[in-house]
Amino acid sequence: MAGNQRHIGAPPCPATLHCQPARLKARRMKSPVALTLLAPLALTLATLSFQAAAAEAKPAFKPDLAKGQQLATTCLACHTADGTRGVPANPILAAQHPEYLVKQLIEFKSGKRKNAVMQGMAAILSEDDMKHVAAFYASKQSKPGFARDKDTVTLGEQIWRGGILGKAVPACAGCHSPNGAGVPSQYPRIGGQHGDYTEAQLLAFRSGLRANNAQMSTIAAKMNDREIKAVADYVAGLR
Ligand code: HEC
Ligand code: HEC
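About the cut-offs
- Per chain, residue numbering runs from 1 following the sequence as it is written.
- To label them, take the chains in the order written and letter them from A, then take the ligands in the order written and number them from 1.
- Given that the model is predicted, a residue must reach a pLDDT of at least 70 before its local features are reported, and side-chain atom pairs must reach 80 or more before they are shown or counted; all residues, however, enter totals for whole chains, interfaces and linings.
- To decide whether a residue is near a molecule or strand, its C-beta atom is placed from the backbone and checked for lying within 6 Å of it.
- A run of H or I in DSSP counts as a helix once it spans at least four residues, and a run of E counts as a strand once it spans at least two, with each numbered from the N terminus.
- In the scheme used here, Gly and all other residues not listed as nonpolar or charged are polar, with Ala, Val, Leu, Ile, Met, Phe, Trp, Tyr, Cys and Pro taken as nonpolar and Asp, Glu, Lys and Arg as charged.
- A set of buried residues drawn from Ala, Val, Leu, Ile, Met, Phe, Trp, Tyr and Cys, joined through C-beta atoms within 7 Å, is what defines a nonpolar core.
- Buried residues are those with 20 or more other C-beta atoms within 10 Å of their own C-beta, exposed residues have 12 or fewer, and partly exposed residues lie in between; C-beta atoms are placed from the backbone.
- Contact between two residues is assigned when their C-beta atoms, built from the backbone, lie within 7 Å.
- Every axis corresponds to a line fitted to the C-alpha atoms, with the helix fit spanning only the stretch in contact, and the corresponding angles, defined between N-to-C directions, vary from 0 to 180 degrees.
- By the definition adopted for this analysis, an angle is roughly parallel if under 35 degrees, roughly antiparallel if over 145, roughly perpendicular if from 65 to 115, and oblique otherwise.
- Each crossing is labelled by how the near helix is turned from the far one, with a counterclockwise turn of less than a right angle marking it left-handed and a clockwise turn marking it right-handed.
- Expected helix span is taken as 1.5 Å per residue step, with the number of steps being one fewer than the number of residues.

1. Details of the site of ligand 1
With respect to spatial proximity, 18 residues lie near ligand 1, and among them Cys75, Cys78, Pro91, Asn115 and Met121 are the closest. Secondary-structure elements contributing two or more residues to the shell around ligand 1 are α5 (76-79), α6 (98-110) and α7 (116-123). A breakdown of the residues in the shell around ligand 1 according to their chemical character gives 13 nonpolar, five polar and no charged.

2. Comments concerning the nonpolar core
What tends to happen in soluble globular proteins is that the nonpolar side chains get buried as a cluster. Of all hydrophobic cores here, the largest spans 17 residues; its most connected members are Trp160, Leu202, Val231 and Val235. Of all the secondary-structure elements, those providing two or more residues to this core are α9 (153-162), α11 (195-207), α12 (214-221) and α13 (225-236). When residues of this core are assigned to their parent elements, the largest contribution, seven residues, is made by α13. Aside from chain neighbours lying at most four places away, what touches tryptophan 160 is Ala171, Cys172, Ala173, Val231, Tyr234 and Val235. Listed in part, the 16 residues of the second largest apolar core include Ala72, Ile92, Phe108 and Phe136.

3. Remarks on the site of ligand 2
Every one of the 21 residues lining ligand 2 counts as a neighbour, but Pro170, Cys172, Cys175, Gln201 and Asn213 are closest to it. With four residues, helix α10 (residues 172-176) is the largest single contributor of residues to the shell around ligand 2. In the shell around ligand 2, the residues fall into 13 nonpolar, seven polar and one charged.

4. Considering the packing of α11 against α13
The axes of two packed helices give the description: the angle between them and the distance between them. Running from N to C, α11 and α13 cross one another at 140 degrees; their axes reach a closest spacing of 8 Å. Considering their axes alone, α11 and α13 lie oblique with respect to each other. Handedness of the α11/α13 crossing: right-handed. Residues Gly195, Thr198, Glu199, Leu202 and Leu203 of α11 form the contact with α13, whose own contacting residues are Ile228, Lys229, Ala232, Asp233, Val235 and Ala236. Of the residues contributing to the contact of α11 with α13, the split by class is six nonpolar, two polar and three charged.

5. A word on helix α8 (residues 127-138)
Along its twelve residues, α8 runs 16 Å from first to last C-alpha, staying within 8% of the 16 Å computed at 1.5 Å per residue. Three or more residues of α8 are buried, namely Met130, Lys131, His132, Val133, Ala134, Phe136, Tyr137 and Ala138. Buried positions along α8 lie against α4 (65-71) and α6.

6. A few points about the environment of methionine 121
Structurally, methionine 121 is set in helix α7. Residues methionine 121 and lysine 109, twelve residues apart in the sequence, show an inter-C-alpha distance of 8.2 Å. When residues no more than four places from it in sequence are discounted, the contact partners of methionine 121 are Thr74 and Cys75.

7. Observations concerning the environment of alanine 211
Topologically, alanine 211 is positioned in the loop between α11 and α12. Remark: the alpha-carbon pair of alanine 211 and arginine 113, spanning 98 residues in sequence, is separated by 6.6 Å.

8. A look at unusual backbone geometry
Of note, the phi angle at threonine 80 is positive, near 70 degrees, even though the residue is not glycine. You can see threonine 80 is positioned in the loop between α5 and α6. Notably, serine 185 is not glycine yet its phi reads approximately 70 degrees, a positive angle. On the secondary structure map, serine 185 appears in the loop between α10 and α11. On the neighbour-count criterion, serine 185 (11 C-beta atoms within 10 Å) is exposed.

Note that every value here comes from positions in space, so none of it alone points to a role or purpose.
In structure tokens form, the structure reads like this:
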């Protein structure tokens with residue numbers, strides 16, 4: 001009799017690892033009552049771990065550079081064929097961290113980041129497409145840029161390296177790294193970016209037009225036009 005108890009509620013178990021714990025637990029149970037109550041639970045747990053294992057078995061996403069390049073043909077009129085130096089109003093995407101690019105595309109699509117053109121462009125991309133196209137641009141190298149204004153380059157460099165004293169503006173280099181390459185997945189590359197674009201973004205963070213990052217909104221809020229222009233121009237020459 002006791003020998004049969006362990007089979008209550010436990011149907012024939014396929015020879016998988018996931019069933020084993022439930023079976024072993026059931027075998028150790030002494031009370032038939034407890035066993036009757038717990039067996040369905042054990043079964044549920046076994047099923048759940050089964051499902052989890054099935055989900056894990058799904059192959060990890062692999063960005064496809066060829067697919068990314070194909071998708072980027074829609075973007076080349078503004079961002080150039082490989083995301084490098086085009087007209088100053090359009091950001092350089094080459095060598096940008098792919099996680100940052102995907103975040104921006106998701107936020108254009110959802111409307112969290114506002115720009116009429118880019119909201120339309122992102123709307124037609126699936127999240128997988130975004131990852132493919134981001135990986136494509138990330139794999140490219142941009143051409144170096146230059147600061148243009150000799151008169152503000154010292155101020156720009158001071159802000160970049162040391163922030164703005166008395167205004168609690170932190171050093172940009174602290175997050176975006178000393179050469180502006182950023183920190184993968186956390187802080188975007190901004191070194192070598194078009195000065196005009198960088199300036200426009202700082203102004204947008206300050207005015208609230210771009211409101212997809214609290215850190216940058218707080219920083220830009222404390223900067224005046226001259227400081228923004230100076231640091232944006234300085235950043236363009238970083239490499
Ligand atoms: C008609 C011109 C145009 C086209 C086409 C275009 N973009 Fe853009 N893109 C822009 C402009 C302008 C911005 C800057 C928007 C802003 O000021 O916030 C931008 C911004 C971006 C950004 C944010 C970059 C950053 O540093 O934050 C990404 C990512 C981007 N575009 C990807 C794409 C992709 C991918 C495509 C093609 C599917 C594309 N763009 C097509 C003009 C364009
Ligand atoms: C505390 C960390 C931190 C500091 C300090 C910081 N940034 Fe940023 N910055 C960020 C993050 C995070 C983002 C990405 C925002 C997003 O995800 O949209 C960003 C984005 C930007 C962008 C937008 C880039 C693009 O391609 O659109 C610019 C421009 C920028 N920062 C300039 C600066 C400047 C100039 C300074 C110094 C005055 C500075 N940042 C200081 C964290 C920081």
